[in-house]
Amino acid sequence: MAAAAAAAARINFFLNPINPLNSKATTHLRTRLHFQPSRRRPRATSFCTRASATPVHDEAAASDPFVLTTPLYYVNAPPHLGSAYTTIAADAIARFQRLLGKKVIFITGTDEHGEKIATAAADSASTPAQHCDIISQSYISLWKNLDIAYDKFIRTTDPKHEAIVKEFYSRVLANGDIYRADYEGLYCVNCEEYKDEKELLDNNCCPTHLKPCVARKEDNYFFALSKYQKSLEETLAKNSNFVQPSFRLNEVQSWIRSGLRDFSISRALVEWGIPVPNDSKQTIYVWFDALLGYISALSEDTEQPDLERAVSSGWPASLHLIGKDILRFHAVYWPAMLMSAGLGLPKMVFGHGFLTKDGMKMGKSLGNTIEPNDLVHKFGSDAVRYFFLREVEFGNDGDYSEDRFINIVNAHLANSIGNLLNRTLGLLKKNCQSTLVVDSSIAAEGITFKDTVEKLVEKARVQYGNLALSSACEAVLEISNAGNLYMDERAPWSLFKQGGAASEAAAKDLVIILEAMRIIAVALSPVTPSLSWRIYGQLGYSREQFDAATWRDTKWGGLKSGQVMAQPKPIFARIENPTEEQNAVEAPKKTVKKDKLPPQAKRVVEA
């Protein structure tokens, strides 16, 4: 019951959003810092009365844009499958919200400052700027190949972003939450953070990157995170949707209860970054910089960058999608920073799991990484999008296996959905000149199949709204499974042969199935946009009609009498499984005479 109540709350939250109480945050520094303050920390001053840990119920909230973000991906290396997974999920959610009629602002982009970037550029004998241009473009290219329809692509090297970061920094400083101090500790360059000695492996190795951390001592600027501990605790207590799934919320609450410590937000030894206002010898910490990309992305390129104007263009965000490894950055540091600057908090931070391959963590050292572009070029964007959204329960870890990938995609997209459309259109061409004989609303009168479709469509809508993307895919697939069962039970090919009333009934059966296919095309379009368009096109619709479709078009009754269908053509080519082909080659061949085949085998051959 508790799970059902939580799901219902999430549905209501996404379909009827209110002003936020949620947020993205930065990772918690778990370092042993030795402070030697160079000046007295200023007393906190009131900078903006809009800072609040309580939600504001606004009548205009229903018309607010639905703003969702992916992480800003770090450009030390080209995009990997994990980055692709997050972005595919974000795109599906954005497409669903657009179908609901929401104004959507889908933000993605690249995080381009920091020590790792400078090191990666040096390794490739290029400047940091050149390196960032190349890698950032590789993300843009991959998103195009994956049919990612983002609205804003922000780069943290954009001048407008730098202007917003400096203005934000100045706000936090004016609020008394930035001070200067010396610190020393063990620093992981790959994590771009200081580590607590108790969490390190032998030889002070980082448990994530398995490389020794280096001892450092610097004079830096710090953010007074500890000041916001109580406010963060209250925020999480009042809004259980702030961090999702719920087990991620438990993690965040545990971190906060353990005690928050101030963290360094500048670097004296890193040149590749945004200079600290009024101190050109220091650059702003990469995470404090990058998180502001969610706001700077809202600035229009044609206008003077301004924090308040950017905020008025769509902040606070409705949803931050992140990998679980950066949950602390987005669910602890980020909301505290926003509170300090007097800005509203995002409505939800959703931390999804990791992907593995054949049950093993992917890594270059293991030689089992998957290049997402290779996957798209080999199987197509629809197959890649469908598999990961259907087979990975959003929020949990998921595994990729090529055999399972091929089997799932073939069974669902080629066989259940694709074959149902193809054989129905084939019968319509043969018996009705590819023309519908009756409206779909009339054809389905008294037919329980229509009720089944309507229930499954509503189930899909609810699951999309819950971010249960796998369950939404399953609901749509159930429509095609029910359609195939209906066809097999009704056997319209036999009814056509009988002529008369039986033939008329068969013609209605085809209309019913094609109406179900039309609904499938709309309901599955957040996940497989290209495949859905191919279905819609074969039903006689134009590209403009498909692009204009909304969730209201999942209502039964769209197809009309006299509508001419396109010529039947497979919408999804079955993927050949190399493992099955190899087994077929290696299997011993047996010669079986045709007249020795069992009766059932004979029927299959003769069909």
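This structure is a prediction, so every number in the text was calculated from the model and none was measured.

### Concerning the packing of aromatic side chains
To describe a pair of aromatic rings, one takes the distance between the centres and the angle between the planes. The full count for this structure, using the stated rule, is 31 aromatic pairs. With a centroid separation of 6.2 Å and an interplanar angle of 65°, the aromatic rings of tyrosine 294 and tryptophan 334 are classed as edge-to-face. In this pair, tyrosine 294 sits in helix α9 (residues 293-296) while tryptophan 334 sits in helix α11 (residues 327-341), placing the two residues 40 residues apart along the sequence. Ring plane angle 85° and centroid distance 6.0 Å describe the contact between phenylalanine 387 and tyrosine 400, whose orientation is recorded as edge-to-face. With phenylalanine 387 in helix α13 (residues 381-391) and tyrosine 400 in strand β16 (residues 398-400), this pair connects stretches of sequence that are 13 residues apart.

### Details of the confidence of the model for the chain
With 83% of its residues at a pLDDT of 70 or more, the chain shows a mean pLDDT of 85. When the criterion is pLDDT under 50, residues 1-61 qualifies, and its contacts beyond four places in sequence or with other chains add up to 188 contacts. In the predicted structure, residues 587-607 sits below a pLDDT of 50 and forms five contacts with residues beyond four places in sequence or in another chain.

### Observations regarding the sheet that holds strand β5 (residues 193-195)
The strands that make up a sheet pair up through hydrogen bonds in the backbone, lying either parallel or antiparallel. Pairing is antiparallel across the open sheet formed by four strands, whose spatial order is β5-β4-β6-β8. At either end of the open sheet lies a strand with only one pairing partner, and these are β5 and β8 (263-264). Taken together, the two bridges between strand β6 (residues 214-223) and β8 define a ladder with antiparallel strand orientation. Directly across from phenylalanine 223, in β8, lies its bridge partner phenylalanine 263.

### Focus on the environment of threonine 235
With respect to the helices and strands, threonine 235 occurs in helix α6 (residues 229-238). Owing to a relative accessible area of 0%, threonine 235 belongs among the buried residues under this scheme. It is 9.6 Å that separates the C-alpha atoms of threonine 235 and leucine 345, two residues lying 110 residues apart in sequence.

### Re the sheet that holds strand β2 (residues 104-111)
The six strands are arranged β3-β2-β1-β12-β13-β7 in an open sheet whose pairing can be described as parallel. Looking at the sheet topology across the chains shown, the edges are occupied by β3 (152-155) and β7 (243-244). The pairing of β7 with strand β13 (residues 349-352) spans two bridges and is classified as parallel. Paired with glutamine 244 across the two strands is phenylalanine 350, which belongs to β13. Across the face of the sheet, helix α2 (residues 81-99) comes into contact with β1 (66-74), β2, β12 (319-323) and β13 while running at roughly 165° to β1.

### Describing the pairing of β3
Every second residue of β3 is oriented toward a common face, with Lys152 and Ile154 on one face and Phe153 and Arg155 on the other, all of them buried. Strand direction decides the pairing type here: β2 and β3, joined by four bridges, are parallel. The residue of β3 that forms the bridge with threonine 110 is arginine 155.

### Remarks on α2
In a regular helix each residue adds 1.5 Å, so 19 residues correspond to 27 Å; α2 covers 27 Å between its end C-alpha atoms and thus fits that length. Most of α2 is tucked away, with 16 of its 19 residues classed as buried. Taken from the residues just after α2, glycine 101 is the one with a positive phi, measuring 95°.

The rules behind each value
- Residues numbered from 1 in each chain as written.
- Predicted model: local features only at pLDDT ≥ 70, side-chain atom pairs only at ≥ 80, totals over all residues.
- Heavy atoms only, no water.
- Phe/Tyr/Trp six-rings, centres within 6.5 Å; stacked < 30°, edge-to-face > 60°.
- Helix = DSSP H or I, 4+ residues; strand = E, 2+ residues; numbered from the N terminus.
- pLDDT = per-residue confidence, 0-100.
- Contact = heavy atoms within 4.5 Å.
- Pairing = 2+ DSSP bridges.
- Buried < 20%, exposed > 50% of the residue type's maximum accessible area, 1.4 Å probe, protein only.
- Axes fitted to C-alpha atoms, helices over the stretch in contact; angles between N-to-C directions.
- Expected span 1.5 Å × (residues − 1).

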